Amino acid sequence: MNGLYLGSMFWPLGERQQGKDESSRSVERNKYIAAKWSSDRGSNEVLKSIDKVSKVASPVLVIHGTEDEVIDFSHGLAIYERCPRAVEPLWVEGAGHNDIELYAQYLERLKQFISFELATS
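Criteria and cut-off values
Numbering of residues begins from 1 in every chain and follows the order in which that chain's sequence is written. Only residues with pLDDT of 70 or above have their local features reported here, since the model is predicted, and side-chain atom pairs are shown and tallied only from 80 upward, although totals for entire chains, interfaces and linings are computed over all residues. Hydrogens and waters are ignored; side-chain quantities use all the structure's heavy atoms. For helices the rule is a DSSP run of H or I covering at least 4 residues; for strands it is a run of E covering at least 2, with both sets numbered from the N terminus onward. Summary of the burial criterion: residues with accessible area below 20% of their type's maximum are buried, those above 50% are exposed, and those between are partly exposed, where the area comes from a 1.4 Å probe applied to protein chains only. Contacts are residue-level and defined by heavy atoms, with any inter-residue pair within 4.5 Å sufficient. To measure how exposed things are, a 1.4 Å probe is used in the Shrake-Rupley method; for residues, cover is taken only from the protein chains shown. Two rings from Phe, Tyr or Trp (for Trp, the six-membered ring) form a pair when their centres sit within 6.5 Å of each other. Planes less than 30 degrees apart are called stacked, planes more than 60 degrees apart edge-to-face, and all others tilted. Each reported salt bridge corresponds to a side-chain nitrogen of Lys or Arg within 4 Å of a carboxyl oxygen of Asp or Glu. Definition of a polar contact: a pair of N or O atoms within 3.5 Å, with one able to donate and the other able to accept a hydrogen when the atoms are protein atoms, and with sequence-neighbouring residues admitted only if both atoms are side-chain atoms.

Chemist: With reference to specific residues and values, describe the overall build of the chain.
Modeler: Looking only at helices and strands, one finds four helices and two strands in the chain. Scanning the chain from its N terminus toward the C terminus, one meets helices and strands in the order α-α-β-α-β-α. With 121 residues in all, the chain has 30% of them scored as buried. Long-range pairs, those at least 24 residues apart, make up 64% of the contacts in the chain between residues at least 6 apart in sequence. In the structure as shown, the chain presents an accessible area of about 7900 Å², 54% of it carried by carbon and sulfur atoms.

Written out as structure tokens, the structure is:
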């Protein structure tokens, strides 16, 4: 499996609410993920990255906030540990689930990964 995977989530058909601003939809989406995570615990349908990462043949950069309230930090660590071609991860101290891009080190690390680690692989 090759390609760029920037995380994904499945929104149940018919549950997206039109006319709401993006932040309202984001809050509702996170409530859905949290509820799904709570109800599924070991067999989460939304969070299948952990099952897929061992098949990824390209370099992988794992970025995760240490204060993520939706997907626990341990999930990001587990993905990193299972990834055969993981590069140095970025654990963003204090970042939550929807604010990680506000931290300067996020963009810097992403640029480094795309410009050097992907380019030389």
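Chemist: I'd like a description of the packing of aromatic side chains, backed by residues and values.
Modeler: Inspection of the entire model under this criterion finds two aromatic pairs. Both rings, one in Phe 73 and one in Trp 91, keep their centres 5.0 Å apart while their planes meet at 80°; by these two values the pair is edge-to-face. A residue pair is termed long-range when its members are at least 10 positions apart, and Phe 73 in helix H3 (residues 73-82) and Trp 91 in strand S2 (residues 90-92) qualify at 18 residues. Seen in terms of ring centroids, Tyr 80 and Trp 91 are 6.0 Å apart; in terms of plane orientation they differ by 90°. Their pairing is edge-to-face. Of this pair, Tyr 80 sits in helix H3 while Trp 91 sits in strand S2, placing them eleven residues apart in sequence. The class for Tyr 80 is partly exposed, based on a relative accessible area of 27%. Classification of Trp 91 as partly exposed rests on a relative accessible area of 26%. Following the ring pairs from residue to residue traces out a cluster consisting of Phe 73, Tyr 80 and Trp 91.

Chemist: Which residues make up the pattern of salt bridges, and what values go with them?
Modeler: It is possible for side chains bearing opposite charge to pair when their charged atoms get close. Summed over all chains, the structure comprises two salt bridges. Where Lys 111 meets Glu 108, a salt bridge forms, and the shortest distance between an N and an O atom there is 3.9 Å. With Lys 111 and Glu 108 both in helix H4 (residues 104-117) and three residues apart, this pair spans about one turn of that helix. You can call Lys 111 partly exposed: its relative accessible area is 43%. The partly exposed category is assigned to Glu 108, whose relative accessible area is 48%.

Chemist: So, the side chain of His 64: which residues are in play, and what are the values?
Modeler: Looking at the secondary structure, you find His 64 in strand S1 (residues 63-65). Separated by 3.0 Å, the side chain of His 64 and the backbone oxygen of Ile 71 make a polar contact. Not counting residues within four places of it along the chain, the set of residues in contact with His 64 comprises Ile 71, Asp 72, Phe 73, Gly 76, Leu 90, Trp 91, Val 92 and Ile 100.

Chemist: Could you give me a rundown of the environment of Gln 105, with the residues and numbers involved?
Modeler: With respect to the helices, strands and loops of the structure, Gln 105 is situated in helix H4. For Gln 105 and Trp 91, which are 14 residues apart along the polypeptide, the C-alpha to C-alpha distance reads 9.6 Å. Here Gln 105 is in contact with Leu 90 and Val 92, once residues within four sequence places are set aside.

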